[in-house]
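Observations on the three-dimensional arrangement
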Amino acid sequence: MKNYILLAFLFFSITNFAQIKGTVTDEKGNPLPFVSVFEENTYTGTTSNEKGNYQLNVKETGKNRIIFQYLGFKTQKITVSTDSKTITLDVKMLEESFTLNEVVIDPKNNPANAIIKNAIANKKENSQKTSRYTADFYSKGMFKVKDLPKKILGQKVDLGDDMASNLDSTGTGILYLSETVSKIAYEKPNKLKEKIVASRISGNNKGYSYNTASLSYYDFYDNTLDFDVRLISPIADNAFNYYKYKLEGTFFDSNNQEINKIKVIPKRDKEPVFEGYIYIVDDSFAIYAIDLDIKGYRMKNEFTEVMTLKQSFNYNATNKIWSKNAQTLSFNAGIFGVKFSGQFNYIYSNYEFPDSFEKKTFTNEIVAFEANANKKDNAFWNEIRPIPLTIEESTDYTKKDSLLIIRKSQKYTDSVDAKNNKFKVWDILAGYDYKNTFKKHSFSYDGLLNITSLSFNTVQGFNLDSGFSFKKWNEEEGKSTSVKTIFNYGFSDERFRVIGEFNHKFNNINYATIGISGGTKVAQFNGAEPISKFVNSISSLFFKDNYIKLYNLEFAQINYAQDVANGINLNGKVAYEQRKPLFNTTDYSFFKRDDFYSSNNPLAPNDFDTPAFDQHHLFKAALTARINFGNKYISRPDGRYNFKDDKYPTVFLVFEKAFAASEKKYEFERIGTSVQYDLSLGNKGILGMNLRAGKFFNAENISFIDYRHFNGNQTHIGTTDRYLNVFNLMPYYNNSTNDSYFENHLEYNDTGFIMNKIPLLNLLKSTMNLGFHSLAIPGRKPYSEFTVGLDNLGFGKFKLFRVDYVHSYQSGIQQNGVVFGLKILNVLD
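Values in this document were obtained by computation on a predicted structure and should not be read as measured data. (Residues numbered from 1 in each chain as written. Predicted model: local features only at pLDDT ≥ 70, side-chain atom pairs only at ≥ 80, totals over all residues. Heavy atoms only, no water.)

A closer look at the overall build of the protein
Looking only at helices and strands, the protein features nine helices and 44 strands. Its C-alpha atoms put the protein at 95 × 70 × 55 Å along the principal axes. Every one of the 829 residues in the protein was classed for burial, and the buried ones make up 48%. Across the protein, every contact between residues at least 6 apart in sequence was considered, and the portion connecting residues at least 24 apart equals 61%. Carbon and sulfur atoms make up 57% of the accessible area of the protein, which amounts to about 40400 Å² in all. Computing the positive centroid from 101 side-chain charges and the negative centroid from 92, the protein places the two 1 Å apart. (Helix = DSSP H or I, 4+ residues; strand = E, 2+ residues; numbered from the N terminus. Buried < 20%, exposed > 50% of the residue type's maximum accessible area, 1.4 Å probe, protein only. Contact = heavy atoms within 4.5 Å. Areas by Shrake-Rupley, 256 points an atom, 1.4 Å probe, with all protein chains shown as cover. Lys, Arg positive; Asp, Glu negative; His and termini not counted. Charge placed at Lys NZ, Arg CZ, Asp CG, Glu CD.)

The structure is reproduced here in structure tokens:
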């Protein structure tokens, strides 16, 4: 009986609505894209697509008044009879005639300024009206490429079969196309709950799109909007510090409300600002529409040429609320002559504005997928989709989805693998990769001449890595297993070393992972490895500076990690370690051949005979907890995906114990903690913090290897985006300790807030960094350093460099130096 009632209800629901569709054009017959189409005094709406086509489902049939709203054109209100299932309604829109009512533009009494001031004064009241709501949400996203070459900088461009299948012979076409339908609940300032009803990606049978409401929320009633940097809203409290305004005209909408069209003009070109138009309703001073551009360099994204954000609001006379019904975000970008474009359309409908939500409405789960959300068929999408597909989009779905069936077949994957898996004699030296896509496993061999691994140090001389690896995976269950061996040979010490590694991930829910490894390797005294192999090779071969200090480590280790609660990850490790001292075996360099390298003893750089420690062995156990407070996550059928809440810091807690050593003196305990936090200062920048503290117990005579070593830098080369984990001028082992310690790293990045206002320097489009770093350990004067520098430096679109001036102080000794940041080394090393 229940099934009959359900079927009857579904039948009634389906038959009790009508669909209005058609094409919207201008007077000359040119299609108008993204025209807002909605039913009067309801929250049922849509927009036209790129070709001007639209389709609108109305819930109640009869006499319906449909409104067509498009910036620059007169709003039209048309009454239609929806007695039949489908109604065709083509609309021709007329250009809007703006008036200024004979207003005299006086620079000292700009009428636009008065309107903006009223909009600022009333924005709290207007914002409050939509501060709590539920709604239906639809999004469609598309990335396109134009003129993609076969090679870039001599390297073959490989997008994979799925993406490349719809590109024509000139390298032009759709790279990505997806749609999402969801139900959302929202409460200001940042509470969001989204349930994905349907999700689809062209050529991808998983279909878990990231076109979510949380990633598309832009509220111009807020003072700033997040586009990597915080951009200033044209009606921010301090907007007059950043913008000039011009009233370009007024017009009346379908509700006979007067709308002011105001041009938004940046005062300074390099500031994080918008430019374009904002439309303000007279009397209530609510936002009627947004049509604003963002230049890429203004949001510190040099590859983006321009991004355009459009929003339209419709008025409901019943509750007197202006609510956002449509939003479009588009962009143009380019690199190496290749042009990219993107278009994201969002529709909000069926609003409800409750007085309050139940307590458990909002949780740390911000997005969840309904069962089979990615399995909806074409009939479902054709019925529910508010924006019709263009022919290009329909073709992309049809072609890629059809090809997907073929490309997932064993016959096809085996044929592709057979082509790529062909073995050539040269592969013995260069390396070889084998893959079985259908059975989901792969094998690789690094080759005898793995040039990318070549490095130099004074213990091994030139040394190379090679090795084998095997991987097996199951994407549906979130499992993966890998086995890897690394062979290393030093040409000067003539020693062969081998490491074996096994790792298995059990799932994508709690990310339980086990790892087993063992073998022999050369290791830095500082396990954090502050000196990269590449930088050390350059400093040694060119400048005769061997800052890296190494010892021989024979080890066997097992570790296990998993999320034990929301935002809490535990990692446990037990290892056996046999440590042996090493000595320099070569004095080779390209230059300064008459100079001498320092010894491999970090405690006595001029002593070439005394080892830094005596050979010994021990067991070490460590338990590390990482806590992300307020952790948010997305639940998908194939896993759980975490998102750190930027309002809270990340805390690390560690307990380490050495036991069963060859001598009792090597045994110890250590506790430590670290707090990492980025404090957002709005449009004024970001203050990054990294605070660390720790304490050793029973560690008076432990090995120097187990001391707490701090990340110094004597190469004057920076290799990271930020310097929140390094002392820029401190020698690597001068302050190592087996007692208590406290280190503090602060770095302020103005994100252009200061630099944008300095003449000439603002042409660099750079950001300013101010830093303070300090270290306190018992028995020594504190070490401290101050830094000031410029980031986001480079040539054209490539901003890969940073320069900092550093002043340090400890025990009356002052140092000054310059650190050159080469962020590209993150990729090379």
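Observations regarding unusual backbone geometry
Here Lys188 and Pro189 are connected by a cis peptide whose omega angle stands at 10°. In this structure, Pro189 sits in the loop between strand E12 (173–187) and strand E13 (191–201). Positioned with a positive phi, Lys300 is a non-glycine residue whose angle comes to about 60°. Note that Lys300 resides in the loop between strand E19 (287–295) and strand E20 (304–316). Notably, Leu760 is not glycine yet its phi reads approximately 70°, a positive angle. Tracing the backbone shows Leu760 in the loop between strand E40 (741–749) and strand E41 (767–776). We classify Leu760 as exposed; its relative accessible area is 69%.

Describing the nonpolar core
Counting residues in hydrophobic clusters, the biggest one holds 60 residues, and the most contacted among them are Phe227, Tyr243, Ile262 and Phe274. Tallying contributions element by element places E19 first for this core, with six residues. Residues within four places of Tyr243 in sequence aside, it is in contact with Ile232, Ser233, Pro234, Val264, Ile265, Pro266, Lys267, Val273 and Phe274. Grouped together as the second largest cluster of nonpolar side chains are 20 residues, Ala658, Val726, Met730 and Val806 included. (Core = buried A, V, L, I, M, F, W, Y, C linked by side-chain atoms within 4.5 Å.)

Focus: the pattern of salt bridges
Applying the stated criterion across every chain, the model contains 42 salt bridges. The shortest N-O distance in the salt bridge between Lys580 and Glu554 comes to 3.3 Å. Placement of the pair is Lys580 in strand E32 (residues 568–581) and Glu554 in strand E31 (residues 550–565), with a sequence separation of 26 residues. Note on Lys580: relative accessible area 26%, which makes it partly exposed. A salt bridge links Arg802 to Glu747, with the nearest nitrogen and oxygen atoms 2.7 Å apart. With Arg802 in strand E43 (residues 798–810) and Glu747 in strand E40, this residue pair connects regions lying 55 residues apart in the sequence. (Salt bridge = Lys/Arg side-chain N within 4 Å of Asp/Glu carboxyl O.)

Let's talk about the confidence of the model for the protein
Considering every residue of the protein, the mean pLDDT works out to 89; 94% of them sit at 70 or more. Low pLDDT, under 50, characterises residues 1–15; the predicted model gives this stretch two contacts beyond four residues in sequence or across chains. (pLDDT = per-residue confidence, 0-100.)

Regarding the environment of Pro272
When you line up the elements, Pro272 lands in the loop between strand E17 (258–266) and strand E18 (275–281). Separated by 125 residues in the primary sequence, Pro272 and Asp147 have C-alpha atoms spaced 31 Å apart. In this structure, Pro272 is in contact with Val229, Arg230, Leu231, Ile232, Arg298 and Asn756, ignoring residues within four places of it in sequence.

Observations concerning helix H5 (residues 391–407)
The end-to-end C-alpha distance of H5, which contains 17 residues, comes to 24 Å, matching closely the 24 Å that a straight helix rising 1.5 Å per residue would cover. Those residues of H5 that sit buried are Glu393, Asp396, Tyr397, Lys400, Leu404 and Arg407. The arc that holds the buried residues of H5, viewed along the axis, is 115°, so those residues lie on one side. The exposed residues of H5 that point more than 90 degrees off its buried face are Ile391, Thr398 and Ile405. (Expected span 1.5 Å × (residues − 1). Arc of directions from axis to C-beta.)

Details of a nonpolar patch on the surface
A contiguous nonpolar surface patch, about 770 Å² in accessible area, is contributed by Tyr434, Phe443, Phe468, Phe470, Val483, Phe502, Ile516, Ile558, Val574 and Phe619. Relative to the elements of secondary structure, Phe470 occurs in strand E27 (residues 461–474). Looking at Phe470, the relative accessible area reads 34%, which means it is partly exposed. (Patch = residues over 30% accessible without salt bridge, like charges linked within 9 Å, V, L, I, M, F, W, Y side chains within 5 Å.)

Quick look at the pairing of strand E36 (residues 650–659)
Sheet analysis places strand E33 (residues 616–628) next to E36, joined by 10 bridges and oriented antiparallel. Bridge pairing links Arg626 to Phe652 in E36. The sheet contact formed by E36 and strand E37 (residues 668–680) spans nine bridges and is antiparallel. For Lys657, the partnering residue across the bridge sits in E37 and is Glu669. (Pairing = 2+ DSSP bridges.)

Overview of the side chain of Ser330
For Ser330, the location among the structural elements is in strand E21 (residues 321–335). Since its relative accessible area comes to 18%, Ser330 is described here as buried. Once you skip the residues sitting within four places of it in the chain, Ser330 turns out to touch Val306, Met307, Thr308, Gly342 and Gln343.

Some remarks on the sheet that holds strand E3 (residues 45–47)
Judged by pairing direction, the sheet is antiparallel, and its four strands sit side by side in the order E3-E2-E5-E6 without closing on themselves. Strands with a single pairing partner mark the edges of an open sheet, and in this sheet they are E3 and strand E6 (76–81). Each strand axis lies, on average, 25° off the axis of its neighbour in the sheet, ignoring direction. As defined by bridge partners, strand E5 (residues 63–69) adjoins E6 across six bridges and the pair is classed as antiparallel. Each residue of the ladder has a partner; that of Phe68, found in E6, is Gln76. (Axes fitted to C-alpha atoms, helices over the stretch in contact; angles between N-to-C directions.)

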